[in-house]
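Residue-level listing of the chains:
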Amino acid sequence: MNLKKWSAGVAGVAVIAVVVGMALTSHSTIDPVSPPQAGHFSHDEIARGQQLYQAGDCAVCHTRPGGKRDAGGLALNSPMGAIYSTNITPDPQYGIGGWSFEAFRRAMREGIDREGNHLYPAFPYTAYTHVSDGDLKALYAWLMTRPAVHEAAPETDLGFPFNIRRGIWLWNQLFLDKGPLPVARVPEGLDPARWERGRYLVEGLGHCSACHSPRNLLFAEKGGESHLGGGEVDGWVAPALNAQSPAPHRWQEEDLYQFLKTGYSPRHGATAGPMAPVIKEGTSALAESDLRAIATYIAGLQKDRTDRPLLPVKAIESATLRSTDSEGARLYSGACMACHAQSLGADMHGVRPSLQQATQFHLATPDNAIRAVLDGVTEPASDGLGTMPGFRHNMNDSQVAALLNFIRQQVAGQPAWPNLEQRVQAIRAERH
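Remember, it's a predicted structure, so these values are computed and weren't measured experimentally. (Residues numbered from 1 in each chain as written. Predicted model: local features only at pLDDT ≥ 70, side-chain atom pairs only at ≥ 80, totals over all residues. Heavy atoms only, no water.)

A.B. asks: Can you tell me about the environment of W251, naming the residues and giving the values?
C.D. replies: Along the chain, W251 falls in the loop between β4 (236–238) and α10 (253–262). Look at W251 and you get buried, because its relative accessible area is 10%. Sequence separation between W251 and S265 is 14 residues, and the spatial gap between their C-alpha atoms is 9.7 Å. Contacts of W251, omitting those with residues within four sequence positions, involve S245, L256, F259, S265, H268, A299 and Q302. (Helix = DSSP H or I, 4+ residues; strand = E, 2+ residues; numbered from the N terminus. Buried < 20%, exposed > 50% of the residue type's maximum accessible area, 1.4 Å probe, protein only. Contact = heavy atoms within 4.5 Å.)

Right under this line is the structure:
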């Protein structure tokens, strides 16, 4: 009898737990609306929304290669599997044309779509939650006045248990900090208004931490001193933006402004990989005041960092000439020096960055440098940068490793990367 009572009690508690869980993780559907007409929004609101759209790099994630703008379908790789971006054009069936502003705001602030489903935090609502109502309204106005694309994006279909979206409720309780950014101290010597604006853009719509912060075991961004301390995206290292930056020179405001405008800074080199489209589709089109505000905020994160000593340029060139018996030196002389001599500058073919100052050769891991050498730069952040050929079919794994370790040691003045040839082999094989 006691066992029956105990079993009944356990069953009752389980039922209550299920009911409570269903109640906590259920969200109402917001009724669809007819797509707002262009005249519903003011010209100024739409124009402001365009700037916010570019600050958020919306097109970068919501446009698949070869696809129509903002129609979704880009595969965002995660440890759980591929998460496909959605159609954010005002198409009533496949996009957000039937979404009211209230539905849009809920998705941006809480990560819940119009039908009441939890969105995966690959959509960075953890950052968008800090965006003001006024800016969300302007962004909504811009999106709702774009051409509608009647095209379905692929459905995200993760394996168990990640396919149970209700479980994201618990993740949100742990890691979603809703509302405006908390008050923070402005670093001494910086313009408060510009710094605050930059912080709002970086930590809100810009969602820079989504790539540039490390993640914990539950795939949430680490905070505290780890915030903006470097991350990983699509196999590329997103370097730290805070005082842990691996760049030999501290990023100053003008460096950041030029880099975010063009994809190139003479003291830091040119961008490649996932950052190039962020600049091309987003930051390069921002108003100068906003771009300089972002530069002020990020430069403030590195304010107390000191520059690291670099090898004298003459010593590098002399070492290269003396090392003709080194395979790495011969490859460097034949494949790199014509464009990457240590003198800085540009010519009619584009920029010629100094490899000595390129951040990729000061990172703890060689992945960025390997990818750049194997596949080159075919889609630069801006037309004036020029392109770089890849050497995937011209050098074997041993040669790529010899070349990179020569640049790492003799040009950048850093210790050799261990097991480099094996890492080259692994990254080369990814394409197959």
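A.B. asks: Tell me about the side chain of T129, and name the residues and values.
C.D. replies: Here T129 shows up in the loop between α5 (125–128) and α6 (133–144). Judged by its relative accessible area of 2%, T129 falls in the buried class. Polar side-chain contacts of T129 include one of 3.4 Å to the backbone nitrogen of G179. Excluding anything up to four places from it in sequence, T129 contacts M108, R109, L176, D177, K178 and G179. (Polar contact = N/O pair within 3.5 Å; in protein donor to acceptor, adjacent residues only side chain to side chain.)

A.B. asks: Please set out the packing of helix α8 (residues 192–203) against helix α12 (residues 288–301) residue by residue, giving values where relevant.
C.D. replies: Contact pair α8 / α12: the axes reach a minimum separation of 7 Å and the direction vectors enclose 90°. With respect to their mutual orientation, α8 and α12 come out roughly perpendicular. The residues of α12 that touch α8, namely those facing R194, W195, R197, G198, R199, L201, V202 and E203, are D290, R292, A293, I294, T296, Y297 and I298. Considered class by class, the residues forming the contact of α8 with α12 number seven nonpolar, two polar and six charged. (Axes fitted to C-alpha atoms, helices over the stretch in contact; angles between N-to-C directions. Parallel < 35°, antiparallel > 145°, perpendicular 65-115°, else oblique. Nonpolar A, V, L, I, M, F, W, Y, C, P; charged D, E, K, R; others polar.)

A.B. asks: Describe the confidence of the model for the protein, and please don't skip the residues or the numbers.
C.D. replies: This prediction gives the protein a mean pLDDT of 89; 89% of its residues lie at or above 70. Within the model, pLDDT remains below 50 along residues 7–23, and this stretch shows one contact once partners closer than five positions in the same chain are excluded. (pLDDT = per-residue confidence, 0-100.)

A.B. asks: Explain α6 residue by residue, including any values.
C.D. replies: The first and last C-alpha atoms of α6 sit 16 Å apart over twelve residues, in line with the 16 Å expected at 1.5 Å per residue. Within α6, nine of the twelve residues are buried, which leaves the element mostly enclosed by the surrounding structure. Where α6 is buried, its residues touch α2 (43–55), α4 (101–110) and α8. (Expected span 1.5 Å × (residues − 1).)

A.B. asks: Residue-level account of the environment of N396, with values.
C.D. replies: With respect to the helices, strands and loops of the structure, N396 is situated in the loop between α16 (367–375) and α17 (397–411). As for N396 and Q425, which are separated by 29 residues in sequence, their C-alpha atoms are 8.9 Å apart.

A.B. asks: Account for the pairing of strand β2 (residues 81–84), with residues named and values stated.
C.D. replies: Direction of pairing for strand β1 (residues 75–78) relative to β2: antiparallel, over a ladder of four bridges. In the strand pairing of β2, A75 is matched with Y84. The turn linking β1 back onto β2 is made up of two residues. (Pairing = 2+ DSSP bridges.)

A.B. asks: Outline a nonpolar patch on the surface, supporting the account with residue identities and numerical values.
C.D. replies: On the surface, L170, L174 and L218 cluster together into a nonpolar patch covering about 290 Å² of accessible area. Relative to the assigned elements, L174 resides in helix α7 (residues 168–175). (Patch = residues over 30% accessible without salt bridge, like charges linked within 9 Å, V, L, I, M, F, W, Y side chains within 5 Å. Areas by Shrake-Rupley, 256 points an atom, 1.4 Å probe, with all protein chains shown as cover. Salt bridge = Lys/Arg side-chain N within 4 Å of Asp/Glu carboxyl O.)

A.B. asks: Hey, could you go over the pattern of salt bridges for me, with residue numbers and the actual values?
C.D. replies: The final tally for this structure, using the stated rule, is 17 salt bridges. Here the salt bridges share partners, and the residues they tie into one network are R105, R109 and D133.

A.B. asks: So, the environment of W195: which residues are in play, and what are the values?
C.D. replies: Residue position: W195 is located in helix α8. The sequence separation of W195 and G300 amounts to 105 residues, and the corresponding C-alpha distance is 8.1 Å. Those residues within four positions of W195 in sequence are excluded, and the remaining contacts are A184, R185, V186, P187, L190, T296 and Y297.

A.B. asks: Residue-level account of the packing of aromatic side chains, with values.
C.D. replies: Counted under the stated rule, the structure contains eleven aromatic pairs. Residues F123 and Y125 carry aromatic rings whose centres are separated by 6.5 Å and whose planes lie at 40° to one another, so their mutual orientation is tilted. When its relative accessible area of 21% is taken as the criterion, F123 is described as partly exposed. Joined through ring pairs, the aromatic side chains of F41, F101, F104 and Y140 make up one cluster. A cation over an aromatic ring shows up here: R146 above the ring of W142, its NZ or CZ 3.5 Å from the ring centre. One Lys or Arg, R292, reaches over the ring of Y257 and ends 3.7 Å from the middle of that ring. (Phe/Tyr/Trp six-rings, centres within 6.5 Å; stacked < 30°, edge-to-face > 60°. Lys NZ or Arg CZ within 6 Å of the ring centre and 35° of its normal.)

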